[in-house]
Amino acid sequence: MRIAVGSDHGGYQLKLLVADHLAAAGHVVDDLGTDAADVPVDYPDYGAAVGRAVTSGSAEVGVCVCGTGIGIAIAANKIPGVRAAVVHDVTTARLARQHNHANVVCLGGRLLGSQVALDAVDAFLAATFDGGRHQRRIDEITALEQATAGLSAAAASSHPTKERR
Ligand code: RB5
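Now for a description of the structure that goes with this document. For clarity, every value in this text was computed on a predicted model and none was experimentally measured.

## Focus on helix 2 (residues 43-56)
Three or four residues apart is the spacing at which side chains of an α-helix point the same way, because the helix has 3.6 residues per turn.
And then number 1: Spanning 14 residues, helix 2 covers 20 Å between terminal C-alpha atoms, matching the ideal 20 Å at 1.5 Å per step.
And then number 2: Where helix 2 is buried, its residues contact strand 1 (2-7), strand 3 (61-66), helix 3 (70-76) and strand 5 (104-108).
And then number 3: Phi turns positive, to about 90 degrees, at Gly57, one or two residues after helix 2.

Okay, structure coming up:
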């Protein structure tokens, strides 16, 4: 599987561990940064990069890591088509796939033990979407996303930027 990984400084160490683990399992890993734990960066840049890799098709799934997994998940979820889930263990990772059809898994590098994190990533990759009643809910989320995109476009065209004094 082709997998995009990304992190901020808070998730850097765990991201390396995950990337090595995935590569050793035979996956093709595309590391979209960041490249150091001691240089603070902004997690939205990396969440967006992983999200775009997934929605463009250059990666099948994404793995995001920041200190908690939360900020980078919020950012990734702003990319239309991304369903990024913060997971804490094997169970949340499996259900994120089976019920929520998540295509990006997000981890807290400052919260999770390394073996728990690796097991969670493995569970995420092994699980598949259950469909059925869950498909209807995913369709509702997609409709919300499209409606919001339409509203944003309408707002942008009906409220041209005014000069400020
Ligand atoms: C960075 O200090 C930290 O805020 C970030 O890694 C993440 O935990 C945010 O959600």
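## Focus on the sheet that holds strand 2 (residues 28-31)
And then number 1: Strand order in the open sheet formed by five strands is 2-1-3-5-4, with parallel pairing between adjacent strands. Sheet topology places strand 2 and strand 4 (84-86) at the edges, where each strand pairs with a single neighbour. Adjacent strand axes in the sheet meet at a mean angle of 25 degrees, parallel and antiparallel pairs treated alike.
And then number 2: Set on the sheet, helix 1 (residues 12-24) makes contact with strand 1, strand 2, strand 3 and strand 5; between it and strand 1 the angle comes to about 165 degrees.
And then number 3: Helix-sheet contacts for helix 5 (residues 114-126) involve strand 1, strand 3 and strand 5, and the interaxial angle to strand 5 is about 170 degrees.

## Overview of the pattern of salt bridges
And then number 1: Scanning the model with the defined rule gives one salt bridge in all.
And then number 2: Asp31 is the partner of Lys15 in a salt bridge, and the nearest nitrogen-oxygen pair spans 2.9 Å. Note that Lys15 is positioned in helix 1 and Asp31 in strand 2, a separation of 16 residues in sequence.
And then number 3: Judged by its relative accessible area of 1%, Lys15 falls in the buried class.
And then number 4: On the accessibility criterion, Asp31 (33% relative accessible area) is partly exposed.

Each value, and the rule that gives it
Residues numbered from 1 in each chain as written. Predicted model: local features only at pLDDT ≥ 70, side-chain atom pairs only at ≥ 80, totals over all residues. Heavy atoms only, no water. Helix = DSSP H or I, 4+ residues; strand = E, 2+ residues; numbered from the N terminus. Expected span 1.5 Å × (residues − 1). Contact = heavy atoms within 4.5 Å. Pairing = 2+ DSSP bridges. Axes fitted to C-alpha atoms, helices over the stretch in contact; angles between N-to-C directions. Salt bridge = Lys/Arg side-chain N within 4 Å of Asp/Glu carboxyl O. Buried < 20%, exposed > 50% of the residue type's maximum accessible area, 1.4 Å probe, protein only.

By themselves these figures say nothing about function.
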